[in-house]
Amino acid sequence: MKKRHYCPTCGSPVLFPMELCQDLEAEAANWFEFLEAEEKSYGYMRKLRQRMRDYVLPEFSHRDVTKLQAKDVRMFYKKLRVRKLATRTIKHIMDTLRLFLCFLSDEGIINDVPRFPRIKQKAARVKRWINEDAQGRIIAAIPGEHQLIFRVLCETGARPSECRAFKVKDLEDGGIWISRTFDERGQVKETKTGTETYMPLSHDLYVELRAQSKRKFPNTWLFINERVRKPYNRMSFYHIWRKAAKAEGLTITPVQASRHSKASQKAKELRQEMNDKLRLELGHMDAGTTLKHYALPERQEIG
């Protein structure tokens, strides 16, 4: 039987045996323990461990980090580029190394953190948003048993992980409290900001939510995937939305269709209100004239 090899840092299976410097490995473990004590999210820690295991420790475990110089960091950066990794991936790896060295500096293990090269990232993929009409069309394409949770998602602009974690007791006085979320493992934790937020709901939606939760205990989940009798998990929630969006000829994630769209819809509404007020102030028939010839940019202000 072929011998299996495991990463000594996180226990994940690897193709080849990894002989890491015990000292650096131990310091990495101390760093992870420190970050976990700060209650960093599971997803953040998972990615950090993976970058340390696959890139940082194999490169520096057999070297004296107390003598690490900027040229060593630049050489590591060049090696990552030779591997033709995505620019964003390289930046994440370099940021992981930087954070680890900062930790070692704070611990007094190294004197100074070497200078890091500046990484120019390619333009990120453009985020999209949709109007209320498009939101309604997508929701109409979702099977009826799943529509209610997506109506709440779009109306509140809550994160999908927060929406999936609503409980009956969160419904209050015509709105709903956003007070918890699910992490990648499906474990309940506090919201990303660590605060509770009250979001008003339309009258019809609030009444419908109250009616469908009438016989439920306050601490039970507000939304249940009836096929598994559990709260919606991350992947099933995502696929339900994407399938309906695709049926309407739209390619947009739940976050962009709800949270980004809610903010963008409101921004568009406020801009239109501002343009109308400016037009009326100067007595113009068209706001375009006001904006093009009279409402000057802030950088042109003097005095």
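We now turn to the structure provided with this report. These numbers were taken from a predicted model, which means no experiment stands behind them.

Each value, and the rule that gives it
Every residue gets a number counted from 1 within its own chain, in the order that chain's sequence is written. Restriction of local features to residues with pLDDT of at least 70 applies here, the model being predicted, together with a cutoff of 80 or more for giving and counting side-chain atom pairs; totals for whole chains, interfaces and linings are based on all residues. Working from all heavy atoms in the structure, the side-chain values ignore hydrogens and water. Here a strand is any run of E in DSSP of at least two residues, a helix any run of H or I of at least four, and the numbering for each starts at the N terminus. The atom set for the radius of gyration is the C-alpha atoms, and the globule formula is 2.2 Å times the number of residues raised to the power 0.38. Three exposure classes are used, based on accessible area relative to the maximum for each residue type with a 1.4 Å probe and protein chains only: buried under 20%, partly exposed in between, and exposed over 50%. Every accessible area reported is derived by Shrake-Rupley at a probe size of 1.4 Å, with residue values counting cover from the shown protein chains alone. Positive: Lys, Arg. Negative: Asp, Glu. His and the chain ends are not part of the count. Taken as the charge centre is NZ of Lys, CZ of Arg, CG of Asp or CD of Glu, depending on the residue. To qualify as a nonpolar core, a set must consist of buried Ala, Val, Leu, Ile, Met, Phe, Trp, Tyr and Cys residues joined through side-chain atoms within 4.5 Å. What makes two residues a contact is simply this: any of their non-hydrogen atoms within 4.5 Å. A fitted line through C-alpha atoms serves as each axis, taken over the contacting stretch for helices, and the angle formed by two N-to-C directions is quoted from 0 to 180°. Under the grouping applied here, Gly and all other residues not named as nonpolar or charged are polar, the nonpolar ones being Ala, Val, Leu, Ile, Met, Phe, Trp, Tyr, Cys and Pro and the charged ones Asp, Glu, Lys and Arg. When DSSP finds two or more bridges between two strands, those strands count as paired.

**Comments concerning the overall build of the protein chain**
Summing up its helical and strand segments, the protein chain has 11 helices and 7 strands in all. Over its C-alpha atoms the protein chain spans a radius of gyration of 26 Å, topping by over 25% the 19 Å that the globule rule assigns to 303 residues. By its C-alpha atoms, the protein chain is 70 × 65 × 35 Å across when sized along the principal axes. Sorting the 303 residues of the protein chain into buried and exposed places 36% on the buried side. Here the protein chain has roughly 20,200 Å² of accessible surface; of this, 50% comes from carbon and sulfur atoms. Mean positive and mean negative side-chain charge positions of the protein chain (58 and 39 charges, respectively) differ by 8 Å.

**Topic: the nonpolar core**
When a protein is soluble and globular, its nonpolar side chains tend to lie buried together. Grouped together as the largest cluster of nonpolar side chains are 33 residues, with contacts concentrated most on F150, F166, L209, L222, F223 and W241. At the level of elements, helix 5 (132–140), helix 6 (147–156), strand 4 (175–178), helix 8 (203–212) and helix 9 (234–247) are the ones that each hand at least two residues to this core. Per-element tally for this core: the top contributor is helix 6, with 6 residues. When residues no more than four places from it in sequence are discounted, the contact partners of F150 are I139, I142, F237, I240 and W241. Core analysis: the second largest hydrophobic core is formed by 29 residues, M52, Y55, V56 and L68 among them.

**Comments concerning the packing of helix 6 against helix 10 (residues 254–282)**
One can describe the packing of helix 6 onto helix 10 by two numbers: an axis separation of 7 Å at closest approach and a directional angle of 35°. Across the interface between the two elements, L153, C154, E155 and T156 of helix 6 pack against P254, A257, S258 and K262 of helix 10. When its residues are assigned to classes, the contact of helix 6 with helix 10 shows 4 nonpolar, 2 polar and 2 charged.

**Structural notes on the sheet that holds strand 7 (residues 197–200)**
Adjacent strands of a sheet form backbone hydrogen bonds with each other and so pair up, either parallel or antiparallel. Read across the sheet, 3 strands follow the order 3-4-7 without closing on themselves; strand pairing throughout is antiparallel. Here the strands that pair on one side only, and so sit at the sheet edges, are strand 3 (171–172) and strand 7. Bridge count for strand 4 against strand 7 is 4 bridges, and the pairing is antiparallel. Note that in strand 7 the partner of W177 across the bridge is Y198.

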